[in-house]
Amino acid sequence: MNATVAQLTARSLLGRRRALLLLALAGVILVLAVISRLLAGKDAEVTVVILGGFALGTLVPLLGLIAGTGAIGPEIDDGSIVYLLSKPLGRPSIVLSKLVVAIGVVVALAVLPTLVAGLVLSGTSDRLAVGYALAALVAGIAYCALFLALAVITRHAVVVGLLYALIWESLVGNLVPGAQALSIQQWALALTEKVVGARSEELGITSAVGLGTAVPLLLVVVIGFTWYAGWRLRSLRLTDAE
Amino acid sequence: MSTLVLDTVSRWFGNVVAVNDVSMTIGPGVTGLLGPNGAGKSTLIHMMGGFLAPSSGTVTLDGEVVWRNEGIYRRIGLVPEREGMYDAVSGWRFVLANAKLHRLPDPEAAARRALQTVEMTDVQDREIGAYSKGMKQRVKMATALVHDPPVLLLDEPFNGMDPRQRLQLMGLLRSMGEAGRTVLFSSHILEEVEQIAGSIQVMVAGRHAASGGFREIRRLMTERPHQYTIRSADDRALASAIIADASASSVQLVTIRDSTRALHVEATDFSAFVRVLPQIARRSGIRLYEVSPADESLESVFSYLVTRETR
């Protein structure tokens, strides 16, 4: 972990306009929560729809994609990564610093808003707020690690990431039960299911995988992709072939 | 004092050979890497800087392999050709960040010194995004100098600089070479290289075409056979008069633009031929309409050098 790499990453990731846009994205869920609470009152099912469908299903993967790819992709594209690579720094430490910044962004703009929205929607009842916030946290970490590695591997990381989040997790995941087993969202949901406990099935919080499978898979994705990104960065080709 | 050694280095991208069996030693002083665009200069510099693995052969700095060796950057300063930098930060913050990334004991002092060296202290607090091309180039230089490296690699450093900045950078590189640093810069302009490089390495089409001092390179370039395209009142008569003289080795009747006929002459002795041609024309009573060099582009000079090397 290198503080200077993290600072440079944070500055480019949170350029003035982008920070505002990301804040607006986070604001949407809070506004939704407030409106829903005012109109429908304290309703666990509405909470599940908003936190499960919007927060965990859309906000977290989207911010994970923006922060994960944005932490390193633009620097690779414009060549400015050379200023980090031409230093006596271990490549894994560069990747780790960038990952920490990306996770920080997701925590601030997706995980905390999820927690606050949960509390606004249904307070502490059924531990829904905490359950979904925890799921958002682990999913956020996994998405960041996955998309950061993708940005090191391919210049089309945003497209590939969108395909994964939209096509695989949302579409294929909903139609083909087997595909759900390979979905970060489902792994994270296993955590919510555990935290909410007995009422989870009644509320429709059911993950395609058990916690015993989800945790190792999450660890494999986070550690595996972070390690792989560091390894790939060691042989990153900076030249456009003449 | 540091020495970069390239030992039978090749690099190919798929089917394209960018650098072909190049061996060279770059020692202290200023070395110019000269060659036309696409000659493989950037590929070579990327391999010297450890950013690209040679497909075969080795690149070493003082005996240490540079590829996948992060420690090497304590001794190398790199000025990349591409302009991408962290536009949202100021010049000062960026150079300071570079000093910190090198874990220098006093990064502020190092950053200040580097910015002074490139004369950027006046505008150091402006965001990089607001800099002109020349200013960006100088900030890039400052980041490469911040850790006071014995080896400096610069990829087309004069691109986009105005004449004053160019002179300033030339002075800077020259003084660094004189101080015993190993400075290598690439350029496709002979005059640039001539003015500051004590030694020149010429690359053409991925090959190492020639090396030596600029006088040697100049001599190789002026002593090569020169080609001319000549239009006259009577091409056939002029052709026979030229071939009768020893200053040309071949004369060809060719068709140039708009089906105009002309002569293509290969002169063996550049200075003798340009003196003799008007005399021949006058003696034969042939009016010359046009005499133009057919191969004065840098590429043709380079390709002469490379074919000469491989003969």
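Up top is the structure these notes are about.
This report concerns the structure included in the present document.

Definitions and cut-offs
- Residues numbered from 1 in each chain as written.
- Chains lettered and ligands numbered in written order.
- Predicted model: local features only at pLDDT ≥ 70, side-chain atom pairs only at ≥ 80, totals over all residues.
- Helix = DSSP H or I, 4+ residues; strand = E, 2+ residues; numbered from the N terminus.
- Rg over C-alpha atoms; globule rule 2.2 N^0.38 Å.
- Buried ≥ 20, exposed ≤ 12 C-beta atoms within 10 Å, placed from the backbone.
- Pairing = 2+ DSSP bridges.
- Axes fitted to C-alpha atoms, helices over the stretch in contact; angles between N-to-C directions.
- Core = buried A, V, L, I, M, F, W, Y, C linked by C-beta atoms within 7 Å.
- Parallel < 35°, antiparallel > 145°, perpendicular 65-115°, else oblique.
- Left-handed = near helix turned anticlockwise from the far one by under 90°.
- Contact = placed C-beta atoms within 7 Å.
- Nonpolar A, V, L, I, M, F, W, Y, C, P; charged D, E, K, R; others polar.

Before going further, it helps to examine the overall build of chain A. Broken down by element type, chain A carries 11 helices and 0 strands. Beginning at the N terminus, the succession of helices and strands in chain A can be written as α-α-α-α-α-α-α-α-α-α-α. Since a compact globule built from 242 residues should have a radius of gyration of about 18 Å, the 18 Å found for chain A is in line with a globular shape. Taking the principal axes of its C-alpha atoms as reference, chain A extends roughly 60 × 40 × 30 Å. Residues counted as buried form 50% of the 242 residues belonging to chain A.

What follows covers the sheet that holds strand β13 (residues 260-267) of chain B. Residue and element names in this part refer to chain B. Reading across from one edge, β12-β13-β11-β14 is the order of the 4 strands in this open sheet, with antiparallel pairing throughout. Pairing within the sheet leaves two strands with one partner each, and these edge strands are β12 (248-256) and β14 (288-293). Averaged over all adjacent pairs, the angle separating strand axes in this sheet is 25 degrees, with direction ignored. Where β12 and β13 come together, 8 bridges link them in antiparallel fashion.

Attention now goes to the nonpolar core. Ranked by size, the top nonpolar core spans 152 residues in total, and within it Val106, Ala136, Cys144 and Leu148 of chain A together with Val95 of chain B carry the most contacts. Leu238, Val251, Leu263 and Ala267 of chain B belong to the second-largest nonpolar core, a separate cluster that totals 14 residues.

A separate point is the packing of helix α2 (residues 91-101) of chain B against helix α4 (residues 133-145) of chain B. Residues and elements named next belong to chain B. Close contact between α2 and α4 brings their axes to 8 Å; oriented N to C, the two are set at 25 degrees. In terms of orientation, α2 and α4 fall into the roughly parallel class. As α2 packs across α4, the resulting crossing turns out to be right-handed. Residues Gly91, Phe94, Val95 and Asn98 of α2 touch α4, and the partners they reach there are Val139, Ala142 and Thr143. For the contact of α2 with α4, the class distribution of residues is 4 nonpolar, 3 polar and no charged.

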